[in-house]
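Here's the letter readout for the chains.
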Amino acid sequence: MPDRQMPPALRFMLAARRIELEGLEGLAVTCELVTRISELIHALQRERGYTNLYLAQLSDAHRVYLDHLSDDALEIERVVRERFDSMDLESNSATDRARLFNRIAHVLHGLDELPGLRRRIRDQMLEPGDATVAFTRMIGGLLAVVFEAADTAADPLITRVLVAMFNFMQGKELAGQERACGVGGFSQGFFDAPRRDRMEQLAHSQERCFETFLDFADDRAREMWFNTATGDVNAKQARMRAMALRTSEKDKVSPELSELWFDVCTERMDAFKGVENHISTLLHSSCHRGIQHARADLDNHRELLKRLGSLERRDEGEFSKLFNVHASDLGGNGHDTLGPHLSRSVLDLLQAQTQRLVTATEQLDEAREALNERRVVERAKKLLMEEYQVTESQAYVRLRKTAMERGERLVDVAQNLLNLAARRR
């Protein structure tokens, strides 16, 4: 039955399911991109950590291994660029992804600058801290793409997986920053006050990210996480962190501990990557199942249209077989209206679809709330940085300290700060 000849209710119901299917198929492409980005971030995290060792010790052996890590990152970068190039920028479904595309544009600009960064590192033209900042900025841009991918996802189940994925990746990135910070401190034999504060802040921030991750993770991911969090490697890292916080210029430790710290942190982050890989697999399977279900629903709706087509031919036997009612129940109103029994079938379909969409919206709102909380905290940090000329780390410490003193959630303190600033304008 041509679209214009079918009853209006069915035309719109069919269009709704078709749009959902197209959205899921586009989301599957985005989720594949997220997986590749997670691999690139992991490679850049390793390169960043080892860059600190190289710049601190300037060993030929470190240079060789650093080149190897850079080559690995370049190969994964090539795959990510291919995924970017394959994205459809012209379709109607792309109009609601402006922020995502803008984030990708920033990432591509950052990737173009990586070769120059690597040359300056090899030429020893950068301090370890400056190299860390440059890599961290690049990784932050990639994480922002993952954040926007989660924020634009319209399927609640897939959004929950993306929220778990983003928060886990964010926690893992903070662990990577702690690895880099620790390499610098151990290399000089002690941690000064700013570096100690930074180590403590990174530890607390990791806990917050992993707590949110656990709220949205599946049972298997939680199990893998707890095995990692309670394992020997995590305990070793915690002991070395405690040692770092006890050092001072008068109470130094051997600089050789920097390599041990790097190895322990790397083993911990590799264990984290195992959890991340599981989430990636779950992401792909969720997309696949969602597409299958949407296609099945669309096929069911089309089957109903075929049945309507048979009604147009007034084939009483076929009608009775399909609907278990007599064809005369259709009435004499033509194909733009439905008889009472068929109308009941369509109404049931509409009610089921409406309820499913309402439930999906509620679940989607719950998942996006976690993303919105992060956005509020980030805006509050930016406000403090601009108003008091402090670093991002110092801004976060201020927010966290205020939240602890007031016994409030961090996001509530951040929102109150933004509200106050808005009233002053």
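Our structure's up above, just so we're on the same page.
The text that follows walks through the structure, step by step, so that each part is easy to find. (Residues numbered from 1 in each chain as written. Predicted model: local features only at pLDDT ≥ 70, side-chain atom pairs only at ≥ 80, totals over all residues. Heavy atoms only, no water.)

### Structural notes on the overall build of the chain
At step 1: When helices and strands are tallied, the chain shows 13 helices and zero strands.
At step 2: Listing the helices and strands of the chain from first to last along the sequence gives α-α-α-α-α-α-α-α-α-α-α-α-α.
At step 3: For the chain, the proportion of its 425 residues judged to be buried stands at 46%. (Helix = DSSP H or I, 4+ residues; strand = E, 2+ residues; numbered from the N terminus. Buried < 20%, exposed > 50% of the residue type's maximum accessible area, 1.4 Å probe, protein only.)

### Considering the pattern of salt bridges
At step 1: One pass over the full model with this rule turns up 23 salt bridges.
At step 2: Residue glutamate 32 is joined to arginine 36 by a salt bridge in which the shortest nitrogen-to-oxygen separation is 2.8 Å. In this pair, glutamate 32 and arginine 36 both sit in helix H1 (residues 8–57), four residues apart, roughly one turn of the helix.
At step 3: Accessibility expressed as a relative area gives 19% for glutamate 32, which makes it buried.
At step 4: In this structure, glutamate 276 engages lysine 273 in a salt bridge whose closest nitrogen and oxygen atoms are separated by 3.6 Å. Placement of the pair is glutamate 276 and lysine 273 together in helix H9 (residues 257–312), with a separation of three residues, close to one helical turn. Accessibility classification places glutamate 276 together with lysine 273 in one group, the buried group. (Salt bridge = Lys/Arg side-chain N within 4 Å of Asp/Glu carboxyl O.)

### Considerations on helix H13 (residues 410–424)
At step 1: The end-to-end C-alpha separation of H13 is 22 Å, in line with the 21 Å expected for 15 residues at 1.5 Å each.
At step 2: Listing the buried residues of H13 in full gives Leu410, Val411, Val413, Ala414, Leu418 and Ala421. Burial along H13 is one-sided: seen end-on, the buried residues are contained in an arc of 165°. (Expected span 1.5 Å × (residues − 1). Arc of directions from axis to C-beta.)

### Thoughts on unusual backbone geometry
At step 1: With a phi angle near 60°, glutamine 124 is a residue other than glycine that sits in the positive phi range.
At step 2: Within the element layout of this structure, glutamine 124 appears in the loop between helix H3 (98–122) and helix H4 (128–152).

### Some details on the nonpolar core
At step 1: Counting 90 residues, the largest nonpolar core has Ile37, Leu44, Ile121, Leu162 and Phe213 as the members making the most contacts within it.
At step 2: Ranked by residues supplied to this core, first place goes to H1 with 16 residues.
At step 3: Those residues in contact with phenylalanine 213, other than ones at most four positions away along the chain, are Ala164, Asn167, Phe168, Ala221, Trp225, Val275 and Ile279. (Core = buried A, V, L, I, M, F, W, Y, C linked by side-chain atoms within 4.5 Å. Contact = heavy atoms within 4.5 Å.)

### Some points on a negative patch on the surface
At step 1: On the surface, a cluster of negative charge is made up of Asp232, Glu256, Glu259, Asp263 and Glu267.
At step 2: For the negative patch, the leading source of residues is H9, giving three residues.
At step 3: The exposure class of glutamate 267 is partly exposed, given its relative accessible area of 45%. (Patch = residues over 30% accessible without salt bridge, like charges linked within 9 Å, V, L, I, M, F, W, Y side chains within 5 Å. Areas by Shrake-Rupley, 256 points an atom, 1.4 Å probe, with all protein chains shown as cover. Lys, Arg positive; Asp, Glu negative; His and termini not counted. Charge placed at Lys NZ, Arg CZ, Asp CG, Glu CD.)

### A few points about the environment of threonine 51
At step 1: Its place among the elements puts threonine 51 in helix H1.
At step 2: C-alpha separation for the pair threonine 51 and leucine 69, spaced 18 residues apart in sequence, amounts to 9.6 Å.
At step 3: The residues touching threonine 51, leaving out its near neighbours within four places in the chain, are Leu66, Ile121, Ala131 and Phe135.
At step 4: Here glutamate 47 takes part through its backbone oxygen, which lies 2.7 Å from a polar atom of the side chain of threonine 51. (Polar contact = N/O pair within 3.5 Å; in protein donor to acceptor, adjacent residues only side chain to side chain.)

### Remarks on the packing of aromatic side chains
At step 1: For the structure shown, the criterion picks out 13 aromatic pairs.
At step 2: Centre to centre, the rings of tyrosine 50 and phenylalanine 262 are 5.3 Å apart; their planes meet at 70°, and the pair counts as edge-to-face. Note that tyrosine 50 is positioned in helix H1 and phenylalanine 262 in helix H9, a separation of 212 residues in sequence.
At step 3: Relative accessible area serves as the criterion here: at 5%, phenylalanine 262 is assigned to the buried category.
At step 4: An aromatic cluster is present here, built from Phe168, Phe210, Phe213, Trp225 and Phe272 joined pairwise through their rings.
At step 5: If you follow arginine 398 out to its NZ or CZ, it ends over the ring of tyrosine 388, 4.6 Å from the centre. (Phe/Tyr/Trp six-rings, centres within 6.5 Å; stacked < 30°, edge-to-face > 60°. Lys NZ or Arg CZ within 6 Å of the ring centre and 35° of its normal.)

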